[in-house]
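# Residue-level structural notes
Okay, here's what each chain looks like letter by letter:
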Amino acid sequence: MSRAFLVIDVQESFRRRPSWRTISNPGIVDQVNRLVDTARSGGDLVVWVLHAEPGSGTVFDPATGYVRLIDGLVPRGGEPTITKTSHNAFTTTNLQQLLTARGIREVVISGIRTEQCCETTARVASDLGFDVTFVTDATATNPIEHRDAPAGRTVEEILADPRTLPADEVIARTEYALAGRFATICTVAELTGTRAEPVAAPMGG
């Protein structure tokens, strides 16, 4: 075992936010499960990561009951679940020690949100000496408001603002920032070996 699949923050908290209806990848559970199946069949480690903000009173407060995996994601015995309170999955957890103790040299990253906890984890993992594979289509995010936008706007107001950065642009910027520096960018199909075979061109004229 030299590889670990990190499933970051695919949790009910996000589904309880009004912004969930703008999520870039509402079917993320299916993509994550494909990666998890591949990991398990290959004898790789699966690590489940949750984000918590204790005492905040938000959907990330464990007291609300929403700091749990989205339905359809089911850890198996022996697969660790860790809870972080920072954006990256290392700083406030024992993840580095857990991976090092098991001889892990590569981490595969999926989860929510693409440019926030997933990208930050990828950067820190790279700095810690891990080879990082970032599976973009097994991540998800939302459009991002401009830094000068007023607080407390509705989803409709955020989407109507021309300064709002669309989710596809957020994702593209993450790929540009990570590729060749912190991570190898990969798709679920590439990683699971489920790419369709190319169709040969017809012979003759």
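Look up a bit, the structure's there.
Attention in this report is confined to the structure presented alongside it. Small disclaimer: the values here were computed from a predicted structure and weren't measured. (Residues numbered from 1 in each chain as written. Predicted model: local features only at pLDDT ≥ 70, side-chain atom pairs only at ≥ 80, totals over all residues. Heavy atoms only, no water.)

### Observations concerning the environment of Arg-163
Mapped onto the elements of the fold, Arg-163 is located in the loop between helix H5 (155-160) and helix H6 (167-178). Of the residues examined, Arg-163 reaches a relative accessible area of 41% and is grouped as partly exposed. Sequence-wise, Arg-163 and Pro-18 are 145 residues apart; in three dimensions their C-alpha atoms are separated by 20 Å. Apart from residues lying up to four places away in sequence, Arg-163 is in contact with His-146, Asp-148 and Ala-149. (Helix = DSSP H or I, 4+ residues; strand = E, 2+ residues; numbered from the N terminus. Buried < 20%, exposed > 50% of the residue type's maximum accessible area, 1.4 Å probe, protein only. Contact = heavy atoms within 4.5 Å.)

### Focus: the layout of surface pockets
By volume, the largest pocket amounts to about 540 Å³. Together, 27 residues line the largest pocket, and Arg-17, Ser-19, Arg-113, Asn-142 and Pro-143 are the ones closest to its centre. Mapped by element, the contributors of at least two residues to the lining of the largest pocket are helix H4 (114-127) and H5. Of the residues forming the lining of the largest pocket, the biggest block, 3 residues, is contributed by H5. (1 Å grid on protein atoms, 1.4 Å probe; cavity = no way out; pocket = protein on both sides within 12 Å on 5 of 7 lines; lining within 4 Å. Points joined across faces, edges and corners; volume = space filled by probe spheres on them.)

### Comments concerning the side chain of Asn-25
Position of Asn-25 relative to the elements: it lies in the loop between helix H1 (12-15) and helix H2 (28-41). Taking relative accessible area as the criterion, Asn-25 reaches 12% and is therefore assigned buried. At 3.0 Å, the side chain of Asn-25 forms a polar contact with the backbone oxygen of Asp-137. Aside from chain neighbours lying at most four places away, what touches Asn-25 is Gln-31, Asp-137, Ala-138, Thr-139 and Ala-140. (Polar contact = N/O pair within 3.5 Å; in protein donor to acceptor, adjacent residues only side chain to side chain.)

### Overview of the pairing of strand S2 (residues 45-51)
Successive residues of a regular strand alternate their side chains across the two faces of the sheet. Most of S2 is tucked away, with 7 of its 7 residues classed as buried. Going residue by residue along S2, you find Leu-45, Val-47, Val-49 and His-51 tucked away on one face and Val-46, Trp-48 and Leu-50 tucked away on the opposite face as well. Here strand S1 (residues 3-8) pairs with S2 via 5 bridges, running parallel. Across the sheet, Ala-4 pairs through a bridge with Leu-45, a residue of S2. The sheet contact formed by S2 and strand S3 (residues 81-84) spans 4 bridges and is parallel. Looking across to S3, one finds that His-51 is bridged to Lys-84. (Pairing = 2+ DSSP bridges.)

### Considerations on the side chain of Glu-119
Along the chain, the position of Glu-119 falls in helix H4. Note on Glu-119: relative accessible area 10%, which makes it buried. In this structure the side chain of Glu-119 is engaged in a polar contact, spanning 3.0 Å, whose partner is the side chain of Arg-123. The contacts of Glu-119, once residues within four sequence positions are left out, are Arg-113, Thr-114, Phe-134, Thr-174, Ala-177 and Leu-178.

### Section: the pairing of strand S5 (residues 131-140)
With 8 of 10 residues buried, S5 is to be regarded as a mostly interior element. Remark: the strand S4 (residues 106-112)/H4/S5 crossover connection has right-handed handedness. Here S5 runs beside strand S6 (residues 184-186); their pairing, made up of 3 bridges, is parallel. Among the inter-strand pairings, Val-135 is bridged to a residue of S6, identified as Cys-186. (Right-handed = clockwise from strand over helix to strand, strands pointing away.)

### Topic: the packing of H4 against H6
Across the interface, H4 lies against H6 with an axial gap of 10 Å and an inter-helix angle of 10°. Accordingly, the angle class assigned to the pair H4 and H6 is roughly parallel. Across the interface between the two elements, Thr-114, Glu-115, Glu-119, Ala-122 and Arg-123 of H4 pack against Val-170, Ile-171, Thr-174, Ala-177 and Leu-178 of H6. Taken together, the residues of the contact of H4 with H6 break down into 5 nonpolar, 2 polar and 3 charged. (Axes fitted to C-alpha atoms, helices over the stretch in contact; angles between N-to-C directions. Parallel < 35°, antiparallel > 145°, perpendicular 65-115°, else oblique. Nonpolar A, V, L, I, M, F, W, Y, C, P; charged D, E, K, R; others polar.)

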